[in-house]
Amino acid sequence: MAAIAGAPAVSWAQTANATLRGNGPANTDVTAKNVATGSTRRTRIGADGSYALVGLPPGTYQVDAGPGTQQTVTLSVASTATLNLAAAATAPTGPVTTLGGVTVTGISLVEVKTSEVGATISQHQIDTIPQVSRNFLEFADTVPGMVFNVDSSGHTSLKGGAQNASSVNVYIDGVGQKSYVKEGGVSGQFASQGNPFPQLAIGQYKVITSNYKAEYDQISSAAVTADTKSGTNEFHGEVFGTYTNDSLRAETPAEEAAHKKSKSHEKEYGFAIGGPIIQDKMHFFFTYEAKKFDTPVTVVPGVTNTIGYLPADVAAQAGPSDLPFTEDLYFGKIDWEPTDRDRFELSAQKRQEDQYDNIGGATAPPAGINAINNDTRIALRWQHSGDAYFNEVLFTHENAYNNPTSLGSGNGAVYTFDPMNDQTILITGAANALATQKKGQKGPALQDDLTFNDLNWHGDHVVKMGVKYKMVDLNAQDAGTSNPQFFYNVNTTGTSATPYKAFFPNPVPGLSPVAKSSDKQLGMYIQDDWAVNDKLTLNLGVRWDYERNPSYLNYVTPANVVAALNGPNPDSTAPAGQTYAQALALGGVNVNDYISTGHNRKAQKNEFQPRLGFSYDISGDEEHVVFGGAGRAYDRDLYDYLQLEQTKASLPESTVYFRQPGAVGPCYNNGAPCFDWDPKYLNGVGNLQALLTTTNAGNEVDAINNHLKAPYSDQFSLGMRNKIGDWNTSVAVARILSHDGFVFTLGNRYPDGSFFKNGSQPWGNGVPGFGGLIIGNNGIETRTTQLLLSADKPYTKESGWGTTFAYTYTRATQNRDIGEHYSFDEATIHQYPFIDSNAAARHRFVATGVIDIPWGITLSAKLTLATPTPFNGIACYGATFPNGSGCTPAAATPGGNGKFLVGGKVFGYRDVDFQATKDFDLGHGIKLYGRFDLLNAFNFRNYTDILVNWGSNGVPNNNPAMYNPTGNITFVPRTIKFTLGMRF
């Protein structure tokens with residue numbers, strides 16, 4: 001009787017709540033009592049025998065519609081289930097443990113009839129699957145189409161649909177964690193080793209990879225909606241500590257090559273407690289988690305076999321290093337249900353991080369940064385339910401800032417290799433002024449969602465509508481005012497004694513280097529979930545979003561820049577009377593598209609997003625369900641990009657070039673402005689700034705298109721879910737097309753409008769009297785087709801075991817590396833060819849398993865296999881391409897670095913993890929536990945650095961890419977972690 005029948009698939013998605021629908025005795029009351037908290041919800045069964053209970057927090061409920069109808073069921077996060085309450089029905093049975101730890105008899109209702117593509121991660125999976133971090137999002141990669149990555153610096157990220165991490169949105173109890181300024185999707189998650197939220201506070205969460213409903217906003221790839229734990233009518237808590245260090249891990253490849261292991265350690269600890277304030281009415285929950293560790297990392301020259309050409313003290317900085325990190329996470333919640341119609345909830349979360357970063361790859365430790373990352377959010381909600389409607393009012397406030405600063409002050413040194421177009425070999429000294437930043441968002445939001453759950457017309461309708469208004473102040477300081485960078489030329493004879501150019505901050509007196517914007521956001525939607533009959537359900541929705549960013553809309557291009565753009569072209573080869581703007585126009589750049597008067601930019605008003613889906617239960621018994629959908633979803637242009645117009649104008653980053661001592665004529669590569677070298681330039685940034693005191697020469701001009709759009713994706717899917725005994729299976733094909741990604745390109749053009757001449761780009765043809773022209777537009781696109789297969793046998797206490805299998809086949813192309821928003825290798829982004837995406841491997845397989853064995857021991861394992869991910873770069877091999885360039889954007893897939901059990905070396909990523917937990921029952925409801933995690937048990941080398949040889953003499957290399965066997969790795973080497981904890 002307990003099943004997902006032909007009711008509308010209403011997902012109280014953003015608030016993570018569930019909906020229970022079905023049939024029962026007509027004109028009677030139906031109640032649902034949460035067995036852990038005692039809270040009760042009720043509604044009236046209609047004359048036609050149908051009912052709907054909307055807005056139920058996930059958990060286990062005793063449902064009652066009169067004598068003989070009582071049943072006990074468990075509802076999962078953001079799901080819809082059907083429970084028919086016929087009198088004298090046989091109640092479903094099966095042991096279930098609620099989030100509060102109360103064991104009851106019931107059955108978990110699994111959502112089958114939904115047009116969404118995705119899956120739910122249970123608390124049991126969170127508690128038992130082996131884990132390298134305490135980032136709860138790590139388990140999302142057990143869902144087909146998702147990739148959770150731990151890079152060589154320990155940074156974690158979550159991606160879906162072969163798009164970048166910024167396209168993801170995470171909702172925790174209905175509070176979106178979106179970052180509007182920095183990349184990474186989740187606020188504070190860009191280039192962070194930390195976690196967005198304490199894992200002890202997460203009950204369960206749902207991952208939707210595509211075709212989400214209309215209530216989901218500010219997203220274009222995957223949505224994650226999480227439910228947090230609440231206090232119950234009994235006091236419960238947990239305390240834990242996890243530890244590992246360098247003696248409990250294997251060497252990284254770089255450490256092995258250097259015969260030296262870097263010191264490292266990880267400490268994670270925390271506690272949670274929850275319980276009643278007023279029995280059945282009011283409860284509290286609080287948790288704290290901390291992380292303190294050093295992550296090993298490797299400094300690898302950016303050009304192979306060049307370390308010997310560097311000065312000895314510089315070359316010595318290559319090799320193993322480490323990244324210290326600390327984090328504190330807090331979360332607290334109080335809930336109060338004064339009546340069975342009303343629920344109030346107040347919650348707060350806080351994140352504090354301090355980490356060394358930007359070390360590794362071609363960057364040596366002295367050039368690193370200290371990144372301070374703080375995020376505070378509060379949420380106050382009121383839910384009120386009637387017999388035929390449910391309303392939620394949600395007020396939130398957020399304050400999130402990311403503040404990286406240089407580890408040192410003084411001069412930076414960048415060593416570049418002349419034979420390979422000045423490719424960077426190594427960066428050392430004080431960090432670039434661009435490393436000193438302060439970017440964040442702060443402000444309130446008010447949201448109201450209203451659901452009508454008892455409408456009938458040619459079937460049952462549940463109509464949900466909502467509106468959200470948000471006022472958030474965005475701030476961005478893009479650079480500091482010190483730490484000039486000097487570039488040294490390196491070739492096969494050694495390193496030049498004097499630099500050939502310098503890059504430095506050059507503040508403009510009277511202008512603020514901080515950009516601010518009082519951003520306004522408005523979103524509205526309506527969703528009709530229509531159960532046409534007991535087999536067919538239609539999900540018909542549309543949303544509309546609007547954003548007003550005054551910093552972008554009201555920006556006025558400086559008059560001296562406008563005059564320079566429309567002034568004479570200073571190039572000696574320019575035709576008589578030609579203006580700089582006319583040269584740009586010949587090259588397809590209309591300067592009027594980038595000159596803002598403060599009145600000629602309009603906020604986008606056409607962000608209409610249809611979200612359409614269906615599910616069809618072939619036999620009406622939920623054994624075989626066909627589902628599919630199509631929809632559009634808009635995201636946001638990050639303020640980190642939009643603010644550059646202002647900050648580059650007030651704090652431009654200038655570049656000057658130097659002649660070698662005794663040399664005459666132009667500077668290296670005809671660089672301009674060109675000056676004679678003087679050692680005094682090494683003695684303070686003011687000496688460099690003095691070169692440009694009466695001129696703007698070398699000052700970059702950033703200009704953004706007046707008709708900027710928001711990025712979006714169109715999503716299509718078709719699939720089938722099957723239930724075979726205790727197993728749930730799914731097969732789906734998803735097609736995702738993303739458009740209008742933001743990108744900066746080089747606006748400079750030669751006098752005849754060309755972008756390439758004699759194989760060179762017009763870097764010396766910047767805005768007259770200034771430096772290069774960098775223009776911002778929309779244009780990055782991805783095209784992805786995925787085959788998504790999954791099978792799982794859910795864990796139950798009765799069976800004592802559970803397993804999941806997820807396979808993803810991805811065919812994805814893109815016209816620019818998804819991690820790059822600067823694209824200077826072609827005249828426009830539209831001239832970039834579509835190449836294999838570096839966002840996802842062609843084949844990816846993830847399997848997990850857990851089993852209870854005697855003596856209170858739980859064992860689990862996780863297997864992850866993936867073929868090599870393509871590398872995206874610029875191929876140069878001595879050829880001249882039709883556009884006049886000597887290079888072209890290209891993708892290359894390295895060969896596999898290993899096999900697994902059988903076959904050849906086809907995998908680029910292999911990982912097998914094990915976990916064992918032993919419980920010790922101390923009586924009185926107290927359990928002590930010890931946990932052992934063995935990560936990367938076979939010490940597979942999951943290399944991340946790519947060595948590329950595109951070819952030579954005009955002949956491309958058929959296999960240009962290979963993994964660097966002494967470079968960085970993703971994930972970790974073989975590592976043992978010990979955890980000791982207590983639950984009560």
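Being a predicted model, the structure only gives us computed values, none of them experimental. (Residues numbered from 1 in each chain as written. Predicted model: local features only at pLDDT ≥ 70, side-chain atom pairs only at ≥ 80, totals over all residues. Heavy atoms only, no water.)

**Notes on the pattern of salt bridges**
Stated formally: A pairing counts as a salt bridge when a side-chain nitrogen of Lys or Arg comes within 4 Å of a carboxyl oxygen of Asp or Glu. For helices the rule is a DSSP run of H or I covering at least 4 residues; for strands it is a run of E covering at least 2, with both sets numbered from the N terminus onward. Buried, partly exposed and exposed residues are distinguished by accessible area as a fraction of the type maximum, computed with a 1.4 Å probe on protein chains only: under 20%, between the cut-offs, and over 50%, respectively.
A full pass over the atoms with the stated rule returns 43 salt bridges. Of the charged contacts, one joins Glu268 and Lys977 as a salt bridge, the two residues approaching to 3.3 Å between their closest N and O atoms. Taken together, the residues span a long stretch of sequence, with Glu268 in strand β20 (residues 265–278) and Lys977 in strand β57 (residues 975–983) at a distance of 709 residues. Side by side, Glu268 and Lys977 carry an identical accessibility label, which is buried. Ionic pairing is found between Glu327 and Arg351, a salt bridge with its closest N-O pair at 3.5 Å. Here Arg351 lies in strand β23 (residues 342–357) and Glu327 lies in strand β22 (residues 319–336), a separation of 24 residues in the sequence. For Glu327, a relative accessible area of 1% puts it in the buried group. Salt bridges sharing common partners tie together Asp335, Glu337, Arg343, Glu345, Arg381 and Glu392.

**Here we look at the state of the cysteines**
Our working rule: We call a pair of cysteine sulfur atoms a disulfide when they lie within 2.5 Å.
Evaluated as defined, the whole model comprises two disulfides. Here Cys667 connects covalently by a disulfide to Cys674, the sulfurs 1.9 Å from one another. The S-S bond linking Cys667 to Cys674 shows a torsion near 85°; that makes this disulfide right-handed. Here Cys876 pairs with Cys887 through a disulfide, and the sulfurs are 1.9 Å apart. What sets the handedness of the Cys876 and Cys887 disulfide is the S-S torsion sign, and at about 110° it is right-handed. One end of the pair, Cys876, is in strand β47 (residues 871–876); the other, Cys887, is in strand β48 (residues 887–892), with eleven residues separating them in the sequence. The exposure class of Cys876 is partly exposed, given its relative accessible area of 28%. When the bonded cysteines of the chain are counted from the start of the sequence, the pairing works out to 1-2, 3-4.

**Section: the sheet that holds strand β4 (residues 40–44)**
The condition that has to hold: The pairing criterion is simple: DSSP has to find at least two bridges between the two strands.
Strands sit in the order β4-β3-β6-β7-β11 across an open sheet of five strands; the sheet is mixed. Of all the strands in the sheet, the pair left with one neighbour each is β4 and β11 (107–108). Pairing of strand β6 (residues 59–64) with strand β7 (residues 71–75), which is carried by five bridges, proceeds in the antiparallel orientation. Across the sheet, Tyr61 pairs through a bridge with Val73, a residue of β7.

**Observations regarding the sheet that holds strand β18 (residues 223–228)**
Strand order across the open sheet formed by five strands is β12-β17-β18-β15-β16, with mixed pairing between neighbours. Of all the strands in the sheet, just β12 (117–121) and β16 (175–176) have a single pairing partner and so form its edges. Alignment of strand β17 (residues 202–210) against β18, held across six bridges, turns out to be antiparallel. The residue of β18 that forms the bridge with Gln204 is Asp227.

**Side note on the pairing of β20**
As judged from the ten bridges shared by strand β19 (residues 236–245) and β20, these two strands associate in the antiparallel manner. From the neighbouring strand, Gly237 faces β20, where its bridge partner is Ile273. Here β20 pairs with strand β21 (residues 282–299) via twelve bridges, running antiparallel. The partner of Glu268 across the bridge, within β21, is Lys291.

**Overview of unusual backbone geometry**
Of note, the amide linkage connecting Ala672 to Pro673 takes the cis form, showing an omega dihedral of 0°. In this structure, Pro673 sits in the loop between β37 (653–659) and β38 (674–676). A positive phi angle is found at Ala162, which is not glycine, with a value near 55°. Tracing the backbone shows Ala162 in the loop between β14 (156–160) and β15 (169–172). Under the relative-accessibility criterion, Ala162 is labelled buried at 5%. Unusually for a residue other than glycine, Ala191 sits at a positive phi of about 50°. Within the element layout of this structure, Ala191 appears in the loop between β16 and β17. Classification of Ala191 by relative accessible area gives partly exposed; the value is 25%.

**Concerning the nonpolar core**
For clarity, the cut-off: To qualify as a nonpolar core, a set must consist of buried Ala, Val, Leu, Ile, Met, Phe, Trp, Tyr and Cys residues joined through side-chain atoms within 4.5 Å. Note on contacts: a residue pair is in contact if any heavy atoms of the two residues lie within 4.5 Å.
Counting 37 residues, the largest nonpolar core has Phe136, Leu158, Val170, Tyr205 and Val207 as its most contacted members. Secondary-structure elements contributing two or more residues to this core are β13 (146–150), β15, β17, β18 and β52 (926–935). Each residue touching Val170, except ones within four places of it in the same chain, is listed here: Phe136, Leu137, Val175, Gly176, Gln177, Val186 and Val224. Core analysis: the next-biggest nonpolar cluster, separate from the first, contains 28 residues, Val303, Leu310, Ala315 and Leu692 among them.

**Remarks on the environment of Ser596**
Worth spelling out the cut-off: The term polar contact refers here to a pair of N or O atoms within 3.5 Å; inside protein, the definition further demands a hydrogen-donor-capable atom paired with an acceptor-capable atom, and it admits residues adjacent in sequence only when both atoms are side-chain atoms.
Tracing the chain through its elements places Ser596 in the loop between α6 (580–586) and β35 (607–617). Judged by relative accessible area, Ser596 falls into the buried class, the value being 2%. Along the primary structure Ser596 and Arg816 are separated by 220 residues, whereas in three dimensions their C-alpha atoms are 27 Å apart. Dropping the residues within four chain positions of it, Ser596 is found in contact with Leu553, Tyr555, Val556, Thr557, Arg601 and Asn706. Among the polar contacts listed, one links the side chain of Ser596 to the backbone oxygen of Tyr555, at a separation of 2.5 Å.

**Some details on the packing of aromatic side chains**
The geometry of two aromatic rings is summed up by the distance between their centres and the angle between their planes. Test applied: Pairs were defined over the aromatic rings of Phe, Tyr and Trp, the Trp ring being its six-membered one, requiring ring centres within 6.5 Å. Orientation was assigned from the angle between planes: stacked under 30 degrees, edge-to-face over 60, tilted for the rest. Here, a charge over a ring means that NZ of Lys or CZ of Arg falls within 6 Å of the ring centre while also lying within 35 degrees of the ring normal.
Here the structure, examined in full by the defined rule, presents 39 aromatic pairs. Relative to Phe805, the ring of Trp727 has its centre 6.3 Å away and its plane inclined at 15°; by these criteria the two rings are stacked. One end of the pair, Trp727, is in strand β41 (residues 727–746); the other, Phe805, is in strand β43 (residues 801–814), and 78 residues separate them in sequence. Each residue in the set Tyr641, Phe742, Phe744, Trp763, Tyr822 and Phe824 is aromatic and connected to the rest through ring pairs, giving one cluster. For Arg783, the ring lying beneath its charged end belongs to Phe834, and the centroid distance is 3.6 Å.

**Regarding the side chain of Thr416**
Note that Thr416 resides in strand β26 (residues 412–417). Looking at Thr416, its side chain comes within polar contact range of the side chain of Tyr500, at 2.9 Å. In this structure Thr416 touches Asp422, Gln423, Thr424, Ile425, Phe487, Tyr488, Asn489, Val490 and Tyr500, once residues within four positions along its chain are discounted.

**Structural notes on the confidence of the model for the chain**
What counts, and what does not: What pLDDT conveys is the predictor's confidence in a given residue, as a value from 0 to 100.
When pLDDT is averaged along the chain, the result is 91; 96% of the residues meet or exceed 70. Per-element confidence in the chain ranges from a low mean pLDDT of 32 for strand β1 (residues 2–3) to a high of 98 for strand β46 (residues 857–866). Throughout residues 1–13 the model reports pLDDT below 50, and contacts reaching past four residues in sequence, or to other chains, amount to 83 contacts.

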